[in-house]
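Remarks on the overall topology
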Amino acid sequence: MRQTIALDRSWFMKRGNEEAWLDPSFTHEDWEEVSVPHSNLELPFNGFDEHSYQFISTWIRDFDLPKDLPADQTARRVFVDFEAVMSRATVFVNGLEAGRHSGGFTPFSIEISSLAKGGRNTLAVIVDSTEDPGIPPFGHVVDYLCYGGIYREVAVRVQERSFIIDAFALARDALLPKKALDVEVRIDCLPASGPFEVEAGLLDPATGKALARGSCSTDGDPGWIELHDLEGILAWEPGRPTLYELIITLKAAGTAIDAVTLRVGFRQAEWKAEGFFLNGKPFKIRGLNRHQAWPYVGYAMPERAQRRDAEILKRELGVNLVRSSHYPPSRHFLDACDELGLLVFEELPGWQHIGDAAWKKQAIADLEDMIVRDRNHPSIVLWGTRINESPDDHDFYAETARRAHGLDPSRATGGVRYIEKSELLEDVYAFNDFVHDGGPTALKKPRRVTGLGHDEPFLVTEHNGHMFPTKRFDQEERLAEHARRHARVLDAALGDPGIAGAIGWCAFDYNTHKDFGSGDRVCYHGVSDMFRIPKYAAAVYASQVDPSERIVLEAATLFAKGERSGATLLPIDVWTNCDEIVLWRAGERVGSYGPDYGSFPNLPHPPVVIRDLIGDRLATEGFSEGDQRLVKELVGIIFSKGLSALRWRHYLKLGLMLARKRMSYADAEKLVQRFTMGWGQSDESVELVGFVKGEEVARRRYGGDARATVLEMVADDAAINADGIDVTRIVLRLLDQYGNIHPFAQEALQLSAEGPGCIIGPRLVPLSGGVTAFWLRSAAQKGTITIMAKGSRFTAGPLAIEAV
Ligand code: GAL
């Protein structure tokens with residue numbers, strides 16, 4: 001049976017490569033000791049030179065194989081499995097070269113059967129992290145960074161002479177009461193060493209109950225097993241992502257010699273000109289793109305952080321699909337998507353540029369490796385078979401689509417483009433639509449984009465992004481407009497029956513090359529920042545979930561009196577799934593406000609837009625309904641666009657009303673001042689109370705008198721694994737007396753961790769937009785890690801995290 005030994009800890013790494021280092025007798029103990037996932041260089045948050053991590057490094061580690069490992073190399077096979085190395089690896093075992101691999105996003109296995117021996121062995125990897133123009137995505141410019149290092153897991157695997165290479169379980173008839181599963185199993189064996197028997201058993205992991213069994217025999221060709229008439233199986237749905245376990249066993253002469261376990265979900269995904277259909281029902285896609293990058297360590301984050309991203313997307317951002325732009329993500333991320341019911345569009349590595357024949361060959365290999373690794377994930381509903389935003393290349397893209405269908409006949413292909421009327425060789429026309437610039441046009445019409453005289457399955461795969469970069473610490477009006485732009489495009493996509501949905505650019509800010517971003521190597525395109533802390537735009541997505549799932553109520557304002565240009569205060573967009581918001585100021589009920597269906601007719605939950613702060617209060621001042629409406633309209637204009645936006649007709653109406661009510665202009669000014677700015681008032685509190693079907697479900701307080709009150713420190717996890725690899729995020733937020741982030745506080749914080757763990761990144765950090773975060777990594781030792789954050793005004797902690 002296979003034996004897998006994780007090679008995660010006790011690596012030694014050094015910049016450069018020298019032949020002497022590869023000699024097994026070479027002492028590397030004075031090198032930096034690291035665990036993988038690991039980045040070859042810890043980077044600053046921003047403002048660094050992207051050449052700094054583009055170097056060659058050598059990674060060395062000893063590993064032990066069973067002492068009784070047969071010396072006869074034909075009796076067993078040994079491999080080293082790498083999940084990702086950026087971007088070229090040359091692997092040596094006991095001083096001799098075992099193999100090479102190019103491509104930084106796909107897994108590879110190097111056979112070391114002839115080099116490995118029982119007992120102690122030495123593994124060395126020369127990692128070339130320069131941007132080789134022969135490897136996708138390199139060759140021109142790229143709007144993201146490909147950080148160096150061995151940034152995913154490594155393991156050594158000992159097999160019998162014959163073993164399972166890979167298994168693909170294709171779920172069929174997902175909507176029928178009796179479902180079916182076609183299982184293809186590829187094995188590696190010597191010619192004429194069979195016959196072998198392959199068995200497949202389907203289990204319900206929740207109950208441990210065996211649901212079906214099947215078997216086939218083979219002499220070495222792929223084995224096919226059909227499990228049919230499967231009853232009592234639940235379909236995999238986003239709201240109920242039911243997974244089953246498939247155990248595949250390889251037997252020779254009745255003895256099990258290898259086994260693998262897959263997870264299976266039964267679901268039907270169809271792309272039609274009328275949209276996307278999941279399990280037979282129309283399903284509008286509300287998605288975000290995600291880069292797998294974090295501050296300081298780039299791509300090198302372990303399982304928990306990968307899973308957490310999926311959780312943030314599903315549970316905090318409320319999206320129903322993520323595009324893994326622009327490369328295959330970590331398998332942990334995909335596992336979490338399967339478990340959470342978050343759909344995935346996965347694509348091959350690349351960005352705009354297509355290289356020469358060798359480059360294309362590498363791209364095709366990347367595509368195939370991606371599909372073979374990931375085709376058992378029910379969450380994946382589309383393969384991206386074009387290099388993101390590249391020009392047409394008929395032969396290349398006919399081939400990528402053909403290969404994708406060959407390896408996985410069950411899934412549709414898409415190809416992301418920004419060039420209109422480009423050749424459609426895939427099943428879905430996937431288009432990055434950046435037409436929205438804040439004006440009236442939110443999206444282009446699919447037929448105009450495709451140039452075809454008929455409808456095709458059509459998906460918007462990016463919008464916004466560089467059209468409106470927005471920092472979490474930007475001025476409020478920009479943050480609010482950023483949110484609105486995402487909402488406008490999403491609304492348009494949801495309202496067009498010819499568009500399957502829209503995937504916004506993007507979930508999280510990310511580091512990038514000098515040719516992109518804000519000049520500090522950051523693209524501030526996320527609806528959340530690089531620490532995964534939300535901007536207002538995040539609430540656009542979050543608030544689209546059903547209130548039964550989660551209540552969201554986020555006002556895109558600070559309620560400060562001078563943050564917006566011209567001291568305006570309006571409009572106030574409240575991103576919420578409540579159907580009514582009641583506004584209170586200084587303990588006085590102002591009025592009730594409802595969702596803005598007029599501006600956002602297609603969003604499941606349009607924002608509640610507060611366009612006046614007067615509410616119902618004029619009624620008690622003796623104003624008729626018509627006059628109330630007029631005052632609210634005029635005040636709304638003044639406090640959203642400024643006095644200069646009033647037209648002569650407004651003044652005329654105002655004049656008539658003042659005459660009617662025997663009020664002077666000064667009286668009117670005083671009234672408006674009292675009901676809007678409220679200068680000098682003693683109680684500045686504002687309260688938003690959210691209702692769903694008449695029942696109060698949420699309450700948020702704000703105030704123009706906000707002051708920094710408490711530094712809050714919260715960890716994502718109370719305990720992490722004491723393995724020297726596991727991490728958790730710790731978020732620091734400076735809150736005002738109402739519990740809201742106080743965004744402009746400029747406080748430097750000294751971080752410390754005592755006990756078996758260490759802080760990733762700098763220990764002295766600024767609050768940025770009132771918030772910062774960091775990740776804590778465990779040491780390979782159990783115990784309590786105590787975290788403190790000290791500033792000149794505020795201190796948070798001690799916070800205890802258990803390493804278990
Ligand atoms: C797109 C590209 C993305 C990102 C985005 C920024 O053109 O596909 O990777 O660069 O622009 O808005």
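The structure reproduced in this document is the subject of the present report. (Residues numbered from 1 in each chain as written. Predicted model: local features only at pLDDT ≥ 70, side-chain atom pairs only at ≥ 80, totals over all residues. Heavy atoms only, no water.)

1. What about the overall build of the chain?
- Looking only at helices and strands, the chain features 10 helices and 50 strands.
- Scaling as 2.2 N^0.38, a compact globule of 804 residues should have a C-alpha radius of gyration of about 28 Å, and the chain matches this with 29 Å.
- Taken along the three principal axes of its C-alpha coordinates, the chain extends 105 × 60 × 50 Å.
- Carbon and sulfur atoms make up 51% of the accessible area of the chain, which amounts to about 30,900 Å² in all.
- The averaged location of the 114 negative side-chain charges in the chain is 5 Å from the averaged location of its 91 positive side-chain charges. (Helix = DSSP H or I, 4+ residues; strand = E, 2+ residues; numbered from the N terminus. Rg over C-alpha atoms; globule rule 2.2 N^0.38 Å. Areas by Shrake-Rupley, 256 points an atom, 1.4 Å probe, with all protein chains shown as cover. Lys, Arg positive; Asp, Glu negative; His and termini not counted. Charge placed at Lys NZ, Arg CZ, Asp CG, Glu CD.)

2. A look at the site of the ligand
- The ligand sits among 13 residues. The nearest are D143, H326, W351, E389 and H466.
- Residue N388 places a side-chain N or O atom 2.9 Å away from an oxygen atom belonging to the ligand.
- Protein burial of the ligand: of its 310 Å² of free accessible surface, 95% is covered by the chains.
- Tallied by class, residues from the shell around the ligand come to 4 nonpolar, 6 polar and 3 charged. (Near = heavy atom within 4 Å. Polar contact = N/O pair within 3.5 Å; in protein donor to acceptor, adjacent residues only side chain to side chain. Nonpolar A, V, L, I, M, F, W, Y, C, P; charged D, E, K, R; others polar.)

3. Observations concerning the pattern of salt bridges
- Per the counting criterion, the structure on display carries 65 salt bridges.
- Taking the shortest distance from any N to any O, the salt bridge between E368 and R403 comes out at 3.1 Å. Taken together, the positions of E368 in helix α3 (residues 357-374) and R403 in helix α4 (residues 394-407) put the pair 35 residues apart, joining distant regions of the chain.
- Residue E368 is classed as partly exposed on the basis of its relative accessible area of 24%.
- Assessed through its relative accessible area of 28%, R403 is described here as partly exposed.
- Note that R402 is salt-bridged to E399, the shortest N-O span being 2.9 Å. Here the residue R402 and the residue E399 both occupy positions in helix α4, the gap between them amounting to 3 residues, near one helical turn.
- Counted as one network, the salt bridges with shared partners bring together R308, E311, R315, E316, D716 and R729. (Salt bridge = Lys/Arg side-chain N within 4 Å of Asp/Glu carboxyl O. Buried < 20%, exposed > 50% of the residue type's maximum accessible area, 1.4 Å probe, protein only.)

4. A few points about the nonpolar core
- L288, L313, L317, F396 and W575 are the most contacted members of the largest nonpolar core, which totals 57 residues.
- When residues in this core are grouped by element, the largest group, 8 residues, is from helix α6 (residues 476-495).
- Not counting the four nearest positions on each side in its chain, L313 is found in contact with L288, R290, G318, V319, V322, F333, L342 and A507.
- By size, the runner-up hydrophobic cluster in this structure holds 40 residues, among which are I614, L618, M657 and M677. (Core = buried A, V, L, I, M, F, W, Y, C linked by side-chain atoms within 4.5 Å. Contact = heavy atoms within 4.5 Å.)

5. Some points on the sheet that holds strand β37 (residues 580-585)
- Taken in spatial order, the 4 strands line up as β38-β37-β40-β41 in an open sheet, and their pairing is antiparallel. A strand with exactly one partner marks an edge of an open sheet, and here the two such strands are β38 (588-593) and β41 (695-703). Each neighbouring strand pair of the sheet contributes to a mean axis angle of 20 degrees, computed without reference to strand direction.
- As defined by bridge partners, strand β40 (residues 685-692) adjoins β41 across 8 bridges and the pair is classed as antiparallel. Residue pairing for β41: G690 is matched across the bridge by A698. (Pairing = 2+ DSSP bridges. Axes fitted to C-alpha atoms, helices over the stretch in contact; angles between N-to-C directions.)

6. Focus on a nonpolar patch on the surface
- Nonpolar side chains collect at one region of the surface, where L643, Y651 and Y665 lie side by side and expose about 300 Å² of accessible area between them.
- On the secondary structure map, Y665 appears in helix α10 (residues 665-675). (Patch = residues over 30% accessible without salt bridge, like charges linked within 9 Å, V, L, I, M, F, W, Y side chains within 5 Å.)

7. Focus: the packing of α3 against α4
- Packing of α3 against α4 brings their axes to within 10 Å, and their N-to-C directions diverge by 20 degrees. Our classification of the angle between α3 and α4 gives roughly parallel. Seen from above, α3 lies across α4 with right-handed handedness. Facing W359, K360, A363, I364, L367, E368, I371 and V372 of α3, the residues of α4 in contact are F396, E399, T400, R403, A404 and L407.
- Each residue belonging to the contact of α3 with α4 can be placed in one class, and the counts come to 9 nonpolar, 1 polar and 4 charged. (Parallel < 35°, antiparallel > 145°, perpendicular 65-115°, else oblique. Left-handed = near helix turned anticlockwise from the far one by under 90°.)

8. Observations concerning the sheet that holds strand β48 (residues 771-778)
- Taken together, 4 strands build an open sheet; the order of strands is β42-β44-β48-β46 and the sheet is antiparallel. Where the open sheet ends on each side, the last strands, each with one partner, are β42 (708-715) and β46 (757-760). Across the sheet, the mean angle separating the axes of adjacent strands is 25 degrees when strand polarity is ignored.
- As paired strands, β42 and strand β44 (residues 727-736) are joined by 7 bridges and run antiparallel to one another. Its bridge partner being in β44, V710 is matched across the sheet by L735.

9. A closer look at the packing of aromatic side chains
- Within the structure shown, the criterion is met by 24 aromatic pairs.
- With 4.5 Å between their ring centres and 10 degrees between their planes, F105 and Y327 make a pair best called stacked. In this pair, F105 is assigned in the loop between β8 (96-102) and β9 (108-111) and Y327 in the loop between β26 (321-324) and α2 (331-340), connecting sequence segments 222 residues apart. Neither residue differs from the other here; F105 and Y327 are each classed as buried.
- Arranged with centres 5.9 Å apart and planes meeting at 75 degrees, the rings of Y244 and F266 form a pair that is edge-to-face. Note that Y244 is positioned in strand β20 (residues 244-252) and F266 in the loop between β21 (255-264) and β22 (269-272), a separation of 22 residues in sequence. The two residues Y244 and F266 agree in class, both being buried. (Phe/Tyr/Trp six-rings, centres within 6.5 Å; stacked < 30°, edge-to-face > 60°.)

10. Here we look at unusual backbone geometry
- Cis geometry marks the peptide bond from M86 to S87; its omega dihedral reads -10 degrees.
- Along the chain, the position of S87 falls in the loop between β6 (85-86) and β7 (88-93).
- Omega for the peptide link from W505 to C506 comes to 0 degrees, which places this bond in the cis form.
- Among the structural elements, C506 can be located in the loop between β32 (501-504) and β33 (510-511).

11. Focus on helix α8 (residues 625-641)
- Along its 17 residues, α8 runs 24 Å from first to last C-alpha, staying within 8% of the 24 Å computed at 1.5 Å per residue.
- Taken residue by residue, α8 has D627, Q628, L630, V631, L634, V635, G636, I637 and F639 as its buried positions.
- As for α8, its buried residues are in contact with α9 (648-660) and α10.
- Positive phi appears at G642, one or two residues downstream of α8, with a value of about 100 degrees. (Expected span 1.5 Å × (residues − 1).)

12. Examining α9
- The first and last C-alpha atoms of α9 sit 18 Å apart over 13 residues, in line with the 18 Å expected at 1.5 Å per residue.
- Of all the residues in α9, the buried ones are H650, L654, M657 and L658. Along α9, the residues classed as buried sweep out an arc of 100 degrees about the axis, all on the same side. What points out from α9, more than 90 degrees from its buried face, is the exposed set W648, L656, A659 and R660.
- In this structure, the buried side of α9 is in contact with α8 and α10. (Arc of directions from axis to C-beta.)

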